[in-house]
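Chain by chain, the residues run as shown.
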Amino acid sequence: MSKDHPDGYLKNEREPIHKRDPDERKGDFEEIWEQKWDEDHLKSQGERCMSCGTPACMSGCPIGNIIPDWNDLVYRGDWKRALERLHATNNFPEFTGYNCPAPCENTCTLKYNDDPVTIKSIERAIVDRGWEEGWIEPDPPQQRTDEEVAIVGSGPAGLAAAQQLNRAGHHVTVYERDENPGGLMRYGIPDAKFSKAKVERRIDQLRQEGITFECGVEVGEDIPVETLETEYDAACIAVGSQKPIELPIEGRELDGIHRAMEYLPRANPGQSDGMAVPEAMDADGKSVVVLGGGDTGADCVGTAHRQGAEQVVQIELLPKPPEERPDGNQWPDQPQTYEKSYSQEEGGVEEYCVDTQAFRDTDGDGAVDTLVADRVEWDEGEDGDWEKTVVEEDIHVDADMVLLAVGFTGPESTPFDPLDIEMTENGTFATDDSHMTSVDGVFAAGDANSGPSLIVWAIGDGRDVARHIDEYLTGETDLPPSLETPNELVVSRQ
Ligand SMILES: Cc1cc2nc3c(=O)[nH]c(=O)nc-3n(C[C@H](O)[C@H](O)[C@H](O)COP(=O)(O)OP(=O)(O)OC[C@H]3O[C@@H](n4cnc5c(N)ncnc54)[C@H](O)[C@@H]3O)c2cc1C
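Residues numbered from 1 in each chain as written. Predicted model: local features only at pLDDT ≥ 70, side-chain atom pairs only at ≥ 80, totals over all residues. Heavy atoms only, no water.

## A few points about the overall build of the chain
The number of helices and strands found in the chain is 17 helices and 13 strands. Structurally, the chain occupies a C-alpha span of about 70 × 60 × 50 Å along its principal axes. When each of the 494 residues of the chain is scored for burial, the buried share is 53%. Of the contacts made within the chain by residues no fewer than 6 positions apart, 69% connect residues no fewer than 24 positions apart. For the chain, the accessible area works out to roughly 22,100 Å², and carbon and sulfur atoms hold 43% of it. Of note, the chain has its 43 positive side-chain charges centred 7 Å away from the centre of its 104 negative side-chain charges. (Helix = DSSP H or I, 4+ residues; strand = E, 2+ residues; numbered from the N terminus. Buried < 20%, exposed > 50% of the residue type's maximum accessible area, 1.4 Å probe, protein only. Contact = heavy atoms within 4.5 Å. Areas by Shrake-Rupley, 256 points an atom, 1.4 Å probe, with all protein chains shown as cover. Lys, Arg positive; Asp, Glu negative; His and termini not counted. Charge placed at Lys NZ, Arg CZ, Asp CG, Glu CD.)

Written out as structure tokens, the structure is:
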């Protein structure tokens, strides 16, 4: 596609779609993003893409989105074709347009010495427009095969695999143990980041395309796991990686200490399926401590503020990342720099280099009220390993409620044991290059395969596994290939 706006970045400054004012937005559970955007604004942002010839942005995108093309089409006002280009590589562009950390923007060539193109905002605007205009419609297959495929898990990996396989004409059944489909898109990511109505309209589309959803069914519990082999021609395990890392320290058993994934789905109205928030998980008026400085921790901070927490302290064991790129971390590598989370923009205290030692119940009512910690320093040892030294002991922090967001290890339980599938040493499902596990016809994708990762990777995996399953079932496939992992520019999965 030829471009006639190579100097757009000189005329227009970078301006992403804005977030709402922090003070206003933390008073409700609505999305943090401005809902309205202006067409001319987005056109001017598309114009900033300089058609650099080597679209490093595409290498930064794990699913190889054809970014320069849709930037250009938006600049020209051809939103419908932009949507087609977007859907060519991504089944659910709103999942990423609202939630992706946008590694593509970090590899955008402009970022070498200028502000990158607002790729994420443009993606979001295209797909918002597609829904508004009614351009996104069910697209059922013209012909059906006789093949039956089971997908276990309805997160972005399972949903992408289901849609691709259904489009290849196979009969697809998605099993989901939760009451509603969506995986972490529905029961993890808070309402403030992504409205659940946006998940539901996609599920609606998939149902209308002919995909069957069996919700409230845990494979291995409610139906025997052998069903995957006896009733189906192929199966895909896409059960995510939600087994939490534990913190086995003094006082862990006290009331008022919750894992992030116990808390978030109960505390966010859009996720709680109409259930009232249990008192123990209502942060209203409480001093809340969130352990873990990552995205899940940030989501706990944001949710606690929305519930009316008195104060929220987010504690991280590691040092605060630097404001500027450290030596050896240059474009187009992903920057290892500090970025304030949306929830920290809204308030709260960030503490780094704090090593939690114990939870205490000083008034003897059975519930936590104090967190005890050491302040530490990190130094690189002679062997290159980082070592911590305690510089201050016995720090006390008020904590009426503690939220543990210290990470996930792998898939939670092992209801798949009867199939005797080989696992990796990290506890994820081992697969070959075609995503097939050690059991013939049983595939794995998404976080269940890779370990905790990102939505964009899950969608890419879902598309990939669908192609391999289609080939396994029919000996060939017309489903589009995913991007061959292009080079080391692609953002790390972990
Ligand atoms: C709080 C939080 C916030 C996040 N925020 C972001 C973000 O902003 N951006 C981003 O890119 N990524 C984010 N992530 C990561 C992202 O959500 C995951 O990488 C992604 O959802 C993985 O998709 P998946 O399909 O592999 O698994 P999941 O989304 O975990 O879905 C797996 C599904 O399988 C179901 N299941 C499990 N076992 C069974 C069984 N035996 N039978 C039937 N069903 C079963 C589960 O109930 C679940 O619905 C976040 C993660 C968390 C926890």
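There is more to say after this.
## Brief notes about the site of the ligand
Lining the immediate surroundings of the ligand are 35 residues, of which Asn 99, Glu 176, Lys 193, Gln 242 and Asp 447 lie closest. Contact between the ligand and Leu 184: an oxygen atom at 3.0 Å from a main-chain N or O atom of the residue. A distance of 3.4 Å separates an oxygen atom of the ligand from a polar backbone atom of Leu 454. Contributions of two or more residues to the shell around the ligand are made by α10 (156-167), β2 (171-176), α15 (295-307) and α17 (455-474). A class-by-class count of the residues in the shell around the ligand yields 17 nonpolar, 11 polar and 7 charged. (Near = heavy atom within 4 Å. Polar contact = N/O pair within 3.5 Å; in protein donor to acceptor, adjacent residues only side chain to side chain. Nonpolar A, V, L, I, M, F, W, Y, C, P; charged D, E, K, R; others polar.)

## Considering the domain arrangement of the chain
Domains assigned within the chain are domain 1 (8-133), domain 2 (148-242 + 409-474) and domain 3 (257-404). Computed from C-alpha coordinates alone, the two centres of domain 1 and domain 2 are separated by 28 Å. Each side of the interface is counted separately: domain 1 has 24 residues, and domain 2 has 24 residues. The largest contributions to the domain 1 side of the interface with domain 2 come from Asn 91, Phe 92 and Phe 95, which together make up 31% of the buried area. Between domain 1 and domain 2 we count 2 salt bridges in total. Salt-bridge contacts for Glu 94 lead to Arg 202; the nearest nitrogen and oxygen are separated by 2.6 Å. Taken together, the connections running from domain 1 to domain 2 amount to 12 residue pairs in polar contact (both at pLDDT 80 or more). Contributions of two or more residues to the side of domain 1 that touches domain 2 are made by α7 (93-99) and α9 (119-133). Counting residues per element, the side of domain 1 that touches domain 2 draws most heavily on α7, at 6 residues. Residue composition of the side of domain 1 that touches domain 2, grouped by class: 14 nonpolar, 7 polar and 3 charged. (Domains from an automatic or database assignment. Buried area = accessible area lost by both parts, 1.4 Å probe. Salt bridge = Lys/Arg side-chain N within 4 Å of Asp/Glu carboxyl O.)

## Observations concerning the pairing of strand β4 (residues 234-237)
What you see with β4 is no split at all: Ala 234 and Cys 236 on one side and Ala 235 and Ile 237 on the other are buried throughout. Alignment of strand β1 (residues 148-152) against β4, held across 4 bridges, turns out to be parallel. Note on β4: the bridge partner recorded for Val 152 is Ile 237. Here 3 bridges tie β4 to strand β13 (residues 442-444), and the two strands are oriented parallel to one another. Following the sheet pairing, Ala 235 is matched in β13 by Val 442. (Pairing = 2+ DSSP bridges.)

## Topic: the packing of aromatic side chains
Tallying each qualifying case throughout the model produces 8 aromatic pairs. Centre to centre, the rings of Tyr 98 and Phe 194 are 5.6 Å apart; their planes meet at 55°, and the pair counts as tilted. Residue Tyr 98 is found in helix α7, and its partner Phe 194 is found in the loop between α11 (184-187) and α12 (196-209); the two are separated by 96 residues along the sequence. Since its relative accessible area comes to 2%, Tyr 98 is described here as buried. For Phe 194, a relative accessible area of 0% corresponds to the buried category. (Phe/Tyr/Trp six-rings, centres within 6.5 Å; stacked < 30°, edge-to-face > 60°.)

## Here we look at helix α14 (residues 260-267)
Those residues of α14 lying buried are Ala 260, Tyr 263, Leu 264, Pro 265 and Ala 267. Residues of α14 that are buried in the fold lie against α11, β5 (257-259), α15 and β12 (401-404).

## Some words on the packing of helix α3 (residues 39-47) against helix α5 (residues 67-75)
Here α3 crosses α5 at 135°, and the two axes come no closer than 7 Å. If you check the angle between α3 and α5, you find them oblique. As for how α3 packs across α5, the hand of that crossing is left-handed. Taken together, the residues of α5 that come into contact with α3 (itself represented by Leu 42, Lys 43, Gly 46 and Glu 47) are Asn 71, Val 74 and Tyr 75. (Axes fitted to C-alpha atoms, helices over the stretch in contact; angles between N-to-C directions. Parallel < 35°, antiparallel > 145°, perpendicular 65-115°, else oblique. Left-handed = near helix turned anticlockwise from the far one by under 90°.)

## Some remarks on the sheet that holds β5
The 5 strands are arranged β5-β12-β6-β7-β8 in an open sheet whose pairing can be described as parallel. Where the open sheet ends on each side, the last strands, each with one partner, are β5 and β8 (349-351). On average, each strand axis in the sheet is tilted by 20° relative to the strand beside it, whichever way the strands run. The pairing of β5 with β12 spans 3 bridges and is classified as parallel. By the bridge assignment, Ile 257 is partnered in β12 with Val 402. Packing against the sheet, α14 makes contact with β5 and β12, and its axis sits at approximately 85° to β5.

## A closer look at the sheet that holds strand β11 (residues 386-398)
In space, the 3 strands of this open sheet follow the order β9-β10-β11, with antiparallel pairing throughout. In this open sheet, the two edge strands, each paired with only one partner strand, are β9 (354-360) and β11. Ignoring which end each strand starts from, the neighbouring axes of this sheet average 20° apart. As paired elements, β9 and strand β10 (residues 370-380) share 6 bridges and run antiparallel to each other. Following the sheet pairing, Ala 358 is matched in β10 by Val 372.

## A word on the pattern of salt bridges
By the definition in use, this model includes 31 salt bridges. Here Lys 19 makes a salt bridge to Glu 345, at a shortest N to O gap of 3.0 Å. With Lys 19 in the loop between α1 (8-11) and α2 (22-25) and Glu 345 in the loop between β7 (311-315) and β8, the pair connects residues that are 326 residues apart, well separated along the chain. Overall, the relative accessible area of 32% leaves Glu 345 in the partly exposed class.

## Section: a negative patch on the surface
A contiguous patch of negative charge on the surface is contributed by Glu 377, Asp 379, Glu 380, Glu 382, Asp 383, Asp 385 and Glu 387. Counting residues per element, the negative patch draws most heavily on β10, which supplies 3 residues. With respect to the element layout, Glu 380 can be found in strand β10. (Patch = residues over 30% accessible without salt bridge, like charges linked within 9 Å, V, L, I, M, F, W, Y side chains within 5 Å.)

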